[in-house]
Amino acid sequence: MKKTIISIALATLLASCSLEEVPYQQNAEALAKDPQGAEQLVTGIYNTFWSSYMMKKTYQEWTDMDHDLNSAPLWVVSGAGQGNVTTHWGYDGDSDLFNVFYRIISRCNAAKEALEGADLSVPSIEQRYGEVLFLRAWAYFHLVRMYGPVPLRLTSITDDACPRSSVPDVYEVIVDDLTKAIEHLYYPSQGVVGGWGHADRTAARILLARVYCTMASGKLAGEGVTMYADICDQSSQTSETIDANPVPNVWTKFTTQKVMGSRMEDGYASFDAGELYELAKVQCDSVIKRRGIDFDLMPEWKNLWGSANYRNKEFVWGIAGYEMDDFRTEGGPWYYTPAAYGGGGYVAISDGCWQMFDYDINSDQNDTRATDGVFHYWKNGTYEAGKQWYRFPSGDMHYNTAPDGMKPDDSDEYVKDGPRSETGWYRPAAYLTKYYMGSDITNPVPVYEQGSSKNAFDIILIRYAEAYLLRAEALNELDRPQEACADLNVIRDRAHAKRYNETDKELLRSYIFQERGIEFLQEFNRRFDLIRWGMYLNVMNATKMIINSSGEAVSLVRAESALLTAVPRAELTSNPLFGENNPGY
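Now for a description of the structure that goes with this document. Predicted model only: the values in this text are computed from it and were never measured.

Before going further, it helps to spend a moment on the overall build of the protein. When helices and strands are counted, the protein shows 18 helices and 19 strands. When the 585 residues of the protein are sorted by exposure, 64% land in the buried category. Residue pairs in contact within the protein that sit at least 24 positions apart in sequence constitute 73% of those at least 6 positions apart.

Next up, the structure:
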């Protein structure tokens, strides 16, 4: 038998819920008895997101590198980014996400039991109890999507030997936890929730709606419904030919496949998609009905990102970053922001992804997720002033002056539209501005200091916009296309993109699927969406290959084993009832 003893750090919890800590151990039951102790108890769980290295790097690399919309060097996408985490440095260690999720669950179990013995009629204690349920559900939701059937460890005293529970049984726990969390959580306007990063009732409702949509789409995927996706197969080109012969996207029809593949029992087959989509709609209705009270859509894309919009009303929940080294990401801004703006410029978006935006270099009416959402000048890895800039898109006269005043000219060695640099091949590439740490994404200021982006940065995990896209998905599957289009167009109107007026269920399903891809780019959703719709193997194997900004050919061909993540060896060794690893490992 193994008893979880929760070791927490008593924090100096100011109004901002600071995580500056003084290490200290205390009994969980004693902490739960008063509001301050209960808050410290829950803060110890939140700290796991950073102390495990998960939000510093592992979460990003395991959940947001292996899909069709990113473009990155081979050394970045190797292992986890190519559908096989066993070659990733974090596999089978403390940073392995399987181990981290169960660490969160273990701490949630101890906190849950302690808080159940406290006075839950005290609002601030009740709020912390709701957060514990939310966090446990969040962890199990990741486990079931990544690993399929997993052990259900629901008490602080557990045996190492614990068999895998079925997918429906795991989802039953997730739904139950989130349903109860909604009952106990408060809204920020009620003055109980605490600082940003504490889960509230809105976060729980959106997460529950996402769970319902995941279950329902998984059911439909197994039935073999049809949907379209934009495919950009660059396998016929090389770095020397691709820019002279750009590959257009092809709107391609697919039949969806079982979420976990042919070698695992279809864990989604018993679900009722219609009933689940009705339940998802109910949660989204509640969220949208309260629009403007606690959370809202920001009016323009440019109002979402940059330090001037720090912790704005659209950011419902995420993991709070702080100035201490242990609470800073080493991935996000450093990977996604290009050189000259403090980042490393390792991860751009793919050519196929760029083509999904409504963007025309000859038009003044373009999707602002493309005009304001990407850097139109970047450097090829240098942090020195006066060195070569690259313009994106090439030849776009909307952007005819680099940040230092230089203008594009073929005779000018400092500003280039073409692909070749003095040091090798650098192709035109779109880097997103959403991780830019400066104030204004529409006017980024060069920062010639390597690594300056490795500072405190919040990891945004739930945005208010998702309530509209989840409800649009539910409404379409419930045969209410006009209402679905209305919700979809709320998001597109904010981006000044072309509106949809579609009644065909198959096409609208595909448009909503694509909209999620571009709206939540590099926000840890794309791979999960591909898998839950049974589209991962379809899209990856049809895309075949992308040529990244360095001119490298990166294969996207995947085997069925990539649908599920490899369970760490330590679990297989210590848990004799677990059984074999997932197929292919």
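There is more to say, and it comes next.
With that settled, consider the packing of helix α3 (residues 54-63) against helix α5 (residues 97-116). Running from N to C, α3 and α5 cross one another at 125°; their axes reach a closest spacing of 11 Å. Between α3 and α5, the crossing angle belongs to the class labelled oblique. Pair α3 / α5 crosses with left-handed handedness. Facing M54, T58, Y59, W62 and T63 of α3, the residues of α5 in contact are L97, V100, F101 and I104. Along the lines of polarity and charge, the residues of the contact of α3 with α5 split into 7 nonpolar, 2 polar and no charged.

Bringing the packing of helix α2 (residues 35-51) against α5 into the picture now. As a packed pair, α2 and α5 sit with axes 10 Å apart at the nearest point and diverge in direction by 175°. Of the possible angle classes, the one that applies to α2 and α5 is roughly antiparallel. Across the interface between the two elements, A38, L41, G44, I45, T48, F49 and S51 of α2 pack against R103, I104, R107, C108, A111, A114 and L115 of α5. Its residues assigned to classes, the contact of α2 with α5 comprises 9 nonpolar, 3 polar and 2 charged.

Two measures describe an aromatic ring pair: the distance that separates the ring centres and the angle between the ring planes. Summed over all chains, the structure comprises 37 aromatic pairs. Look at F49 and W138: their rings are 5.2 Å apart centre to centre, the planes differ by 55°, and that puts the pair in the tilted class. Taken together, the residues span a long stretch of sequence, with F49 in helix α2 and W138 in helix α6 (residues 123-147) at a distance of 89 residues. The buried category is assigned to F49, whose relative accessible area is 0%. Arranged with centres 6.3 Å apart and planes meeting at 90°, the rings of Y377 and W389 form a pair that is edge-to-face. Here W389 lies in strand β13 (residues 389-391) and Y377 lies in strand β12 (residues 377-379), a separation of 12 residues in the sequence. The side chain of R145 reaches across the aromatic face of F141, ending 3.7 Å from its centre. Positioned above the aromatic ring of F528 is the side chain of R145, whose terminal nitrogen or guanidinium carbon lies 3.8 Å from the ring centre.

In this section: the nonpolar core. One finds F134, W138 and W317 to be the most contacted residues of the largest nonpolar core, which totals 144 residues. Apart from the residues lying within four places of it in its own chain, the contact partners of F134 are L178, A181, A199, A203, A204, L207, W317 and I462. Membership of the second largest hydrophobic core comes to 37 residues, among which are A348, Y377, Y399 and L521.

Summed over the entire model, instances satisfying the criterion amount to 15 cavities of 30 Å³ or more. What the second largest cavity holds in volume is close to 100 Å³. Lining of the second largest cavity is provided by 15 residues; of these, W62, A80, V85, R527 and T565 occupy positions nearest its centre. Sorting the residues of the lining of the second largest cavity by element identifies α3 and α16 (526-532) as the ones contributing at least two each. Per-class residue counts for the lining of the second largest cavity are 9 nonpolar, 4 polar and 2 charged.

The full count for this structure, using the stated rule, is 0 disulfides. Among the cysteines around C284, which has no disulfide bond, C213 carries the closest sulfur, lying 6.3 Å off.

Note that side chains of opposite charge can pair when their charged atoms are close. Tallying each qualifying case throughout the model produces 40 salt bridges. A salt bridge links K434 to E523; the nearest nitrogen and oxygen atoms lie 2.6 Å apart. With K434 in the loop between β16 (424-425) and β17 (459-463) and E523 in the loop between α15 (505-519) and α16, this pair connects stretches of sequence that are 89 residues apart. Both residues of the pair, K434 and E523, count as buried. Connected via shared salt-bridge partners are E314, D358, D367, R369, K434, R463, R492, R494, E515, E519 and E523.

In this section: the side chain of S239. Checked against the element boundaries, S239 lands in the loop between β8 (226-231) and β9 (250-255). The exposure class assigned to S239 is buried, which follows from its relative accessible area of 12%. Looking at S239, its side chain comes within polar contact range of the side chain of E240, at 3.1 Å.

Here we come to the pairing of strand β10 (residues 315-319). Most of β10 sits inside the fold, with 5 of its 5 residues counted as buried. In this structure, β10 lies alongside β17, joined through 4 bridges in antiparallel fashion. From the neighbouring strand, I319 faces β17, where its bridge partner is I459.

Reading the values: the criteria
- Residues numbered from 1 in each chain as written.
- Predicted model: local features only at pLDDT ≥ 70, side-chain atom pairs only at ≥ 80, totals over all residues.
- Heavy atoms only, no water.
- Helix = DSSP H or I, 4+ residues; strand = E, 2+ residues; numbered from the N terminus.
- Buried < 20%, exposed > 50% of the residue type's maximum accessible area, 1.4 Å probe, protein only.
- Contact = heavy atoms within 4.5 Å.
- Axes fitted to C-alpha atoms, helices over the stretch in contact; angles between N-to-C directions.
- Parallel < 35°, antiparallel > 145°, perpendicular 65-115°, else oblique.
- Left-handed = near helix turned anticlockwise from the far one by under 90°.
- Nonpolar A, V, L, I, M, F, W, Y, C, P; charged D, E, K, R; others polar.
- Phe/Tyr/Trp six-rings, centres within 6.5 Å; stacked < 30°, edge-to-face > 60°.
- Lys NZ or Arg CZ within 6 Å of the ring centre and 35° of its normal.
- Core = buried A, V, L, I, M, F, W, Y, C linked by side-chain atoms within 4.5 Å.
- 1 Å grid on protein atoms, 1.4 Å probe; cavity = no way out; pocket = protein on both sides within 12 Å on 5 of 7 lines; lining within 4 Å.
- Points joined across faces, edges and corners; volume = space filled by probe spheres on them.
- Disulfide = S-S within 2.5 Å.
- Salt bridge = Lys/Arg side-chain N within 4 Å of Asp/Glu carboxyl O.
- Polar contact = N/O pair within 3.5 Å; in protein donor to acceptor, adjacent residues only side chain to side chain.
- Pairing = 2+ DSSP bridges.

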